[in-house]
Amino acid sequence: MGKAIFYGATSLDGYLATPDDNIDWLTQLSGIPADAGTSVLSRMTSAIMGRTTYDYVAQMAPGAPFNPANPQMHSYIFTHQQRENLPLTTFTQDDPLTVVKQLRQQSGNVWIVGGQQILTPLLAADCVDELYLQLAPTILGNGKRLFGELTAPHQFTLVDAHTLGPLAELVYRRRN
């Protein structure tokens, strides 16, 4: 059985992107090791994300694999738009929780990409096994938040903390 793992970076004040979905504040940081994330991302066999995130990544690196550490990883993109599936990309209107529950029954891990519209319902259903949070030395003040509102607390245990150049990476595991 696989795990559902969030892997991503936020500003110190918990934002993934600016209000217009820009992440230049992160991508322009210097000193991030070239192999940052490779060991974690190589274990991802599928990814889930919203269409906005997918479109942004596709625009930034057209033709490149979404996950260079595992170029054969399959991505599931949640959208209300009609799009044709690609060999390694499925566009779906299904509920993210349903998709993640199905993917966790398979071998390999699910990479949760993006923010609160995908992550918050999964947290609420206790379907996030691990969080890899990289904190960037930037305070944005506003933008797209990583976490949305939850009706109850969800407990995680800190299992590792280290630096990746200018980033602090905190690794948490869900308490059972």
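Residues numbered from 1 in each chain as written. Predicted model: local features only at pLDDT ≥ 70, side-chain atom pairs only at ≥ 80, totals over all residues. Heavy atoms only, no water.

Caption draft 1: Spotlight on the nonpolar core. Ranked by size, the top nonpolar core spans 21 residues in total, and within it Phe-6, Ile-48, Ile-112, Leu-119, Leu-122 and Val-128 carry the most contacts. When residues of this core are traced back to their parent elements, those giving at least two are β1 (4-11), α4 (96-104), β6 (109-112), α5 (116-124) and β7 (130-136). Dropping the residues within four chain positions of it, Phe-6 is found in contact with Leu-16, Ile-112, Gly-114, Leu-119, Val-128, Glu-130, Leu-131, Tyr-132, Leu-133 and Leu-146. Ile-5, Leu-41, Tyr-54 and Trp-111 belong to the second-largest nonpolar core, a separate cluster that totals 15 residues. (Core = buried A, V, L, I, M, F, W, Y, C linked by side-chain atoms within 4.5 Å. Buried < 20%, exposed > 50% of the residue type's maximum accessible area, 1.4 Å probe, protein only. Helix = DSSP H or I, 4+ residues; strand = E, 2+ residues; numbered from the N terminus. Contact = heavy atoms within 4.5 Å.)

Caption draft 2: Looking closely at the packing of aromatic side chains. Overall, the coordinates contain four aromatic pairs when judged by the stated rule. Centre to centre, the rings of Tyr-7 and Tyr-132 are 5.8 Å apart; their planes meet at 45 degrees, and the pair counts as tilted. You can see Tyr-7 sitting in strand β1 and its partner Tyr-132 sitting in strand β7, a full 125 residues away along the chain. A centroid spacing of 5.3 Å and a plane angle of 85 degrees characterise the contact between Tyr-54 and Phe-91, whose relative ring orientation is edge-to-face. One end of the pair, Tyr-54, is in helix α3 (residues 51-60); the other, Phe-91, is in strand β5 (residues 89-92), with 37 residues separating them in the sequence. Judged by relative accessible area, Phe-91 falls into the buried class, the value being 11%. An aromatic cluster of at least three residues, connected via ring pairs, comprises Tyr-7, Phe-66, Trp-111 and Tyr-132. (Phe/Tyr/Trp six-rings, centres within 6.5 Å; stacked < 30°, edge-to-face > 60°.)

Caption draft 3: Focus on unusual backbone geometry. If you check the backbone angles, Asp-21 has positive phi at about 70 degrees while not being a glycine. For Asp-21, a relative accessible area of 27% corresponds to the partly exposed category. Even without glycine at this site, Asp-126 takes up a positive phi of about 55 degrees. For Asp-126, the position within the fold is in the loop between α5 and β7.

Caption draft 4: Expanded view of the pattern of salt bridges. By the definition in use, this model includes seven salt bridges. In this structure, the salt-bridge partner of Lys-144 is Asp-21, at a minimum N-O distance of 2.7 Å. One end of the pair, Lys-144, is in strand β8 (residues 144-145); the other, Asp-21, is in the loop between β2 (15-17) and α1 (24-27), and 123 residues separate them in sequence. Residue Glu-130 is joined to Arg-173 by a salt bridge in which the shortest nitrogen-to-oxygen separation is 3.4 Å. In this pair, Glu-130 sits in strand β7 while Arg-173 sits in strand β10 (residues 167-174), placing the two residues 43 residues apart along the sequence. (Salt bridge = Lys/Arg side-chain N within 4 Å of Asp/Glu carboxyl O.)

Caption draft 5: View of α4. Along α4, the residues that are buried comprise Pro-96, Leu-97, Val-99, Val-100, Leu-103 and Arg-104. One side of α4 holds all its buried residues, which, seen down the axis, span an arc of 160 degrees. On its buried side, α4 packs onto β1, β3 (44-50), β4 (74-78), β6, α5 and β10. (Arc of directions from axis to C-beta.)

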